[in-house]
Amino acid sequence: MLQRIQSVYLLLAAANALVLIFVFHLWVTDNGTAVFAKDELPYFAAFLVSGALSLVTIFLYKNRKLQFVLGRLNIILNFFLLGFFVYLSLNLSGETIVSEKGIGMLLPIISIVFLALANKAIKKDEDLVKSVDRLR
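Residues numbered from 1 in each chain as written. Predicted model: local features only at pLDDT ≥ 70, side-chain atom pairs only at ≥ 80, totals over all residues. Heavy atoms only, no water.

## Examining the UniProt feature "transmembrane region" (unreviewed entry) in the protein chain
Thinking step 1. The sites that UniProt annotates as "transmembrane region" (unreviewed entry) are residues 7-29, 41-61, 73-90 and 102-122.
Thinking step 2. End-to-end, the C-alpha atoms of residues 102-122 are 33 Å apart, and along that stretch the chain is 76% helix and 0% strand. (UniProt positions renumbered as here; feature names shortened; annotations may be inferred. Helix = DSSP H or I, 4+ residues; strand = E, 2+ residues; numbered from the N terminus.)

## What about the nonpolar core?
Thinking step 1. Counting residues in each nonpolar core, the largest one holds 15 residues, and the members touching the most others are Ile-21, Leu-26, Trp-27, Tyr-43, Phe-47, Leu-81 and Phe-85.
Thinking step 2. Going through the elements one at a time, α2 (41-58) and α3 (64-91) are the ones with two or more residues in this core.
Thinking step 3. Top element by residues in this core is α2. It accounts for 4 residues.
Thinking step 4. Those residues within four positions of Ile-21 in sequence are excluded, and the remaining contacts are Asn-16, Phe-36, Ala-37, Phe-44, Phe-47 and Leu-107.
Thinking step 5. Counting 7 residues, the second-largest nonpolar core is a separate cluster that includes Leu-10, Ala-13, Ile-112 and Ala-118. (Core = buried A, V, L, I, M, F, W, Y, C linked by side-chain atoms within 4.5 Å. Buried < 20%, exposed > 50% of the residue type's maximum accessible area, 1.4 Å probe, protein only. Contact = heavy atoms within 4.5 Å.)

## Some remarks on a nonpolar patch on the surface
Thinking step 1. Together, Val-19, Phe-22, Val-23, Phe-24, Ile-103, Leu-106, Ile-109, Val-113 and Leu-117 give the surface a local cluster of nonpolar side chains, amounting to about 740 Å² of exposed area.
Thinking step 2. Structurally, the position occupied by Leu-117 is in helix α4 (residues 107-135).
Thinking step 3. Among the residues examined, Leu-117 registers a relative accessible area of 34% and is labelled partly exposed. (Patch = residues over 30% accessible without salt bridge, like charges linked within 9 Å, V, L, I, M, F, W, Y side chains within 5 Å. Areas by Shrake-Rupley, 256 points an atom, 1.4 Å probe, with all protein chains shown as cover. Salt bridge = Lys/Arg side-chain N within 4 Å of Asp/Glu carboxyl O.)

## Concerning α2
Thinking step 1. Here α2 spans 26 Å end to end across 18 residues, near enough to the 26 Å set by a 1.5 Å rise per residue.
Thinking step 2. Every buried residue of α2 is accounted for by Tyr-43, Phe-44, Ala-46, Phe-47, Ser-50, Gly-51, Leu-53, Ser-54, Thr-57 and Ile-58. (Expected span 1.5 Å × (residues − 1).)

## Things to note about the packing of aromatic side chains
Thinking step 1. Per the stated rule, a full pass over the model turns up 3 aromatic pairs.
Thinking step 2. Seen in terms of ring centroids, Tyr-43 and Phe-85 are 4.9 Å apart; in terms of plane orientation they differ by 45 degrees. Their pairing is tilted. Taken together, the residues Tyr-43 in helix α2 and Phe-85 in helix α3 connect sequence positions 42 residues apart.
Thinking step 3. When its relative accessible area of 13% is taken as the criterion, Tyr-43 is described as buried.
Thinking step 4. Given a relative accessible area of 2%, Phe-85 falls into the buried group.
Thinking step 5. Among the aromatic side chains, those forming a connected cluster through ring pairs are Tyr-43, Phe-47 and Phe-85.
Thinking step 6. Positioned over the ring face of Phe-36 is Lys-38, at 5.8 Å from the centre of the ring. (Phe/Tyr/Trp six-rings, centres within 6.5 Å; stacked < 30°, edge-to-face > 60°. Lys NZ or Arg CZ within 6 Å of the ring centre and 35° of its normal.)

## Concerning the confidence of the model for the protein chain
Thinking step 1. When pLDDT is averaged along the protein chain, the result is 86; 90% of the residues meet or exceed 70.
Thinking step 2. Mean pLDDT across the secondary structure elements of the protein chain bottoms out at strand β3 (residues 98-101), with 64, and peaks at helix α1 (residues 5-18), with 94. (pLDDT = per-residue confidence, 0-100.)

## What about the pattern of salt bridges?
Thinking step 1. Inspection of the entire model under this criterion finds 3 salt bridges.
Thinking step 2. Between Asp-125 and Arg-4 there is a salt bridge; the shortest N-O distance is 3.0 Å. Of this pair, Asp-125 sits in helix α4 while Arg-4 sits in the segment before α1, and the two are 121 residues apart along the sequence.
Thinking step 3. One salt bridge in this structure joins Asp-127 and Lys-123, with 3.3 Å as the shortest N-O distance. Here Asp-127 and its partner Lys-123 are both found in helix α4, 4 residues apart, which amounts to about one turn of the helix.

Below is the structure:
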């Protein structure tokens, strides 16, 4: 059952959270150095948890309800991560720490989209199984 579409969406969300954080920087400081997620421990930990949760969710295909709940928890985690980035980019006074925002701050949005698509497909599978059970 690993060939289902939600497995592809979850794999893309995991790749987004585990690989792209090393490619795209979060911001550039005022002295010109790029800050990646690996440089900031709370953000790095949140991305790692999100990616690991996506990978674990792929292999729980026999328990669709738990898979759906873990997908929702992962969406909430990514919303918190996105909230931290928005807070950081909007509440800093002047150009003290962040000189230029990077595309890495948008990575949680991409994960949220993939996780929402995966949850939609999981719900569709669960509804299909329930409808078949009603016919028996």
